[in-house]
Amino acid sequence: MNDNIAHLLSKLETGLLINGEWGPSSSGETLEVLNPATGEVITTIASATATDAQRAFDAACHAQEKWQKTPPRQRAEILRRAFDLVGKRTEDFATLMTLEMGKPLAEARGEVTYGGEFLRWFGEQGVRHHGITGETPEGNLRIQTVRRPVGPCFLVTPWNFPLAMATRKIAPAIAAGCVMVLKPAKQTPLTSLYLAQTLMEAGLPAGVLNVVCGQSASAISDPIMSDPRLRKISFTGSTGVGKALLKTAADNVLRTSMELGGNAPFLVFEDADIDEAIQGAMIAKMRNIGEACTAANRFLIHESIAAEFSEKLTAALEALVVGNGLDEGTTCGPLIDERAVENMEALIDDAVRAGSTVLTGGQRGEGNGNFFLPTVLKDVPRSARVFREEIFGPIAPITTFATEAEALELANDTEFGLASYLFTQNHSRIQRVSEQLEFGMVGINTGAISNAAVPFGGIKQSGMGREGGVEGLDDYTTLQYLGIKNPYC
Ligand code: NAP
């Protein structure tokens, strides 16, 4: 470990954040955080118990009343200061993310920009989040609507975007006047702890944000989810866990935001600019080592250009440098754990048995880390697991189509509905095809669709609710309608 990393870790809080205080777990238990590029322990953090989770939630509830009465401008200024601090600490945040998650440093820096932007965006949105005024057609009532904070929130985040998934929830909650408990993924808690530290330095009052992470996710979530004071759960993660949380949420009729799995089709029509499509494919597939819910999961390519597209994509993937994300030359880091590597092997075996051919990759990379070589598969039938399941790794399966109708039918043949991508130079086709794609988001001639200003989210089993954009703040408020008797009636 070099001196800079040792210094960074020495200033990092590794306890539980409850009511503005950092402290150990009530059981004294700790959790090791591993570096997926080396298998080494980066550091240990406090591992929360159910008692700690309850204490964290009690602290949040205690802070709610005062926090919601804090003027929007004050809340916004805390977010703005946090945005500035995150920007100044770009190298620290990026290093932590690369250490615990594996993504190359350049991508981690990109996530600091993207994730930090939610702090600024929601600070700006929070001071102009108004209801409406009007009157009934009969003239008997004046109508007023006001947006009120939804109340105490439970925020659960995944390991793949340790900063952005946290700020995308925390920032609108702060802007709206909600208090919260954040439970980061146990594989990548360090970035969230550093973010919490940064928000406290930016002036966030004690109890507004509480952070607990631990060996057992359910030990933390059970007491909070069953507490009648909870008003909202916002979850980003797998569809399986999301469904389980939705069932529990029904007991207390909670507001839910679910950002779940994806199976994005990447359609390239015969009139597309193929080089532009390759550029888009490299982002949509390889950003975050393929471990993104928006990752292109199925390349659906018109049969007349499939050979050229496959050849160019293979060359582009072969040019990537697989290695430790901390090495500046690395463009493809390790997968999160050994289980993910084994899953890549199983998916490829299954596709080959179903008749696909491996054009490049198809095996583990060298070294002690969880490395897997970027892989292109061609002739992938829709029965193959790679076609039907979320891959979450560097495998690009190619399937061909002959007509627009067939392309759409293949694209929509999934229970997921998060991101999709469409490459064509034909404007009426852009309109026609995107209107028929059953996905919450469509990237048109681009592989990069994430931004703080966009309503990010899915349909079907990819979830409900939107994060970011104008809508991302609505999800942390409830609309109250006041009916005021017209004094002239
Ligand atoms: P995961 O296993 O579902 O875990 C996500 C989070 O849920 C983690 O914090 C995890 O904690 C927690 N969790 C697990 N079981 C729980 C329970 N019983 N109660 C409460 N929390 C529980 O997903 P993942 O493997 O971390 O992330 C990958 C998935 O996230 C993919 O499917 C991906 O598509 C999805 N994702 C979606 C979006 C989106 O915006 N739609 C964005 C990013 C990722 P532990 O870490 O302690 O297990």
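Computed from a predicted model, the values in this text were never measured in an experiment.

A. Representation of the overall build of the protein chain. From N to C terminus, the protein chain includes 16 helices and 22 strands. What you see for the protein chain is a C-alpha radius of gyration of 23 Å, in line with the 23 Å of a compact globule of 489 residues. Based on the C-alpha atoms only, the size of the protein chain along its principal axes is roughly 70 × 65 × 40 Å. In the protein chain, once contacts between residues fewer than 6 apart in sequence are set aside, the share between residues at least 24 apart is 73%. Side-chain charges of the protein chain comprise 43 positive and 58 negative groups, with the mean position of each set lying 9 Å from the other.

B. Just the sheet that holds strand β6 (residues 141–149), in detail. Taking strand neighbours across the sheet as the criterion, the three strands line up as β5-β6-β22 in an open arrangement whose pairing is antiparallel. Each edge of the open sheet is held by one strand with a lone partner, namely β5 (133–135) and β22 (477–485). Strand-to-strand twist of the sheet, defined as the mean angle between neighbouring strand axes without regard to direction, takes the value 25°. Relative to β6, β5 is paired through three bridges, and the arrangement is antiparallel.

C. Just the sheet that holds strand β12 (residues 264–268), in detail. Reading across from one edge, β14-β15-β16-β13-β12-β18-β19 is the order of the seven strands in this open sheet, with mixed pairing throughout. At either margin of the open sheet sits one strand with a lone partner, and together these are β14 (357–360) and β19 (441–444). Each neighbouring strand pair of the sheet contributes to a mean axis angle of 25°, computed without reference to strand direction. In this sheet, strand β13 (residues 296–302) lies alongside β12 in parallel orientation, the contact comprising five bridges. Considered in β13, the bridge of Val268 is made with Ile301.

D. Local environment of helix α1 (residues 3–10). Those residues of α1 that sit buried are Ile5, Leu8 and Leu9. Projection of α1 onto a plane perpendicular to its axis shows the buried side chains occupying an angular sector of 95°, all on one side. Set apart from the buried face of α1 by more than 90 degrees, the exposed residues are Asp3 and Ser10. Among the structural elements, β4 (41–46) and α4 (90–101) are those in contact with the buried residues of α1. Between the side-chain oxygen at the start of α1 and the backbone nitrogen of Asn4 there is a gap of 3.1 Å, and the oxygen is on Asn2.

E. Quick peek at the site of the ligand. Close contacts around the ligand come from 27 residues, with Thr157, Arg168, Ser238, Leu260 and Glu390 the closest. Trp159 is positioned such that a nitrogen or oxygen atom in its side chain is 3.0 Å from an oxygen atom of the ligand. One of the side-chain nitrogen or oxygen atoms of Ser221 is found 3.2 Å away from a nitrogen atom of the ligand. Protein chains bury 85% of the 910 Å² of accessible surface belonging to the ligand in isolation. Those elements giving two or more residues to the shell around the ligand turn out to be α6 (164–176), α8 (217–225), β10 (232–236) and α9 (239–251). Classifying every residue of the shell around the ligand by side-chain character gives 15 nonpolar, seven polar and five charged. In terms of domain composition, the shell around the ligand takes at least three residues from each of domain 1 (3–260 + 462–480) and domain 2 (264–453).

F. Representation of the pairing of β4. Note: strand β3 (residues 30–34) against β4, five bridges, orientation antiparallel. When the bridges of β4 are listed, Leu31 appears paired with Ile45. Linking two consecutive strands that pair antiparallel, namely β3 and β4, is a turn of six residues; a positive phi of about 80° is found at Gly39 within it.

G. Structural view of unusual backbone geometry. Phi is positive for Asn288, which is not a glycine, with a value near 65°. Secondary-structure assignment places Asn288 in the loop between α10 (274–286) and β13. What makes Asn288 buried here is its relative accessible area of 1%. Positive phi values are uncommon outside glycine, yet Lys460 reaches one of about 50°. Residue position: Lys460 is located in strand β20 (residues 459–460).

H. Seen up close, the pattern of salt bridges. A complete count under the given rule lists 28 salt bridges for this structure. Among the salt bridges present, the one from Lys312 reaches Glu308, with a minimum N-O distance of 3.0 Å. With Lys312 and Glu308 both in helix α11 (residues 306–318), this residue pair falls four residues apart, about one helical turn. Its relative accessible area of 38% is what places Glu308 among the partly exposed residues. Residues participating in the shared-partner salt-bridge network are Glu270, Asp271, Glu404, Arg429 and Arg432.

I. Highlighting the side chain of Asn160. Of note, Asn160 is situated in the loop between β7 (153–156) and α6. At a separation of 3.2 Å, a polar atom in the side chain of Asn160 contacts the main-chain carbonyl oxygen of Glu291.

J. A look at the nonpolar core. One finds Phe154, Ile170, Met180, Leu199, Leu209 and Ile233 to be the most contacted residues of the largest nonpolar core, which totals 90 residues. Beyond its immediate chain neighbours, meaning those up to four positions away, Leu199 contacts Ala82, Leu119, Ile170, Ile174, Leu204 and Leu209. Within the second largest apolar cluster, 64 residues are counted, among which are Ala185, Met282, Ile398 and Met441.

Cut-offs used in this document
- Residues numbered from 1 in each chain as written.
- Predicted model: local features only at pLDDT ≥ 70, side-chain atom pairs only at ≥ 80, totals over all residues.
- Heavy atoms only, no water.
- Helix = DSSP H or I, 4+ residues; strand = E, 2+ residues; numbered from the N terminus.
- Rg over C-alpha atoms; globule rule 2.2 N^0.38 Å.
- Contact = heavy atoms within 4.5 Å.
- Lys, Arg positive; Asp, Glu negative; His and termini not counted.
- Charge placed at Lys NZ, Arg CZ, Asp CG, Glu CD.
- Pairing = 2+ DSSP bridges.
- Axes fitted to C-alpha atoms, helices over the stretch in contact; angles between N-to-C directions.
- Buried < 20%, exposed > 50% of the residue type's maximum accessible area, 1.4 Å probe, protein only.
- Arc of directions from axis to C-beta.
- Polar contact = N/O pair within 3.5 Å; in protein donor to acceptor, adjacent residues only side chain to side chain.
- Near = heavy atom within 4 Å.
- Areas by Shrake-Rupley, 256 points an atom, 1.4 Å probe, with all protein chains shown as cover.
- Nonpolar A, V, L, I, M, F, W, Y, C, P; charged D, E, K, R; others polar.
- Domains from an automatic or database assignment.
- Salt bridge = Lys/Arg side-chain N within 4 Å of Asp/Glu carboxyl O.
- Core = buried A, V, L, I, M, F, W, Y, C linked by side-chain atoms within 4.5 Å.

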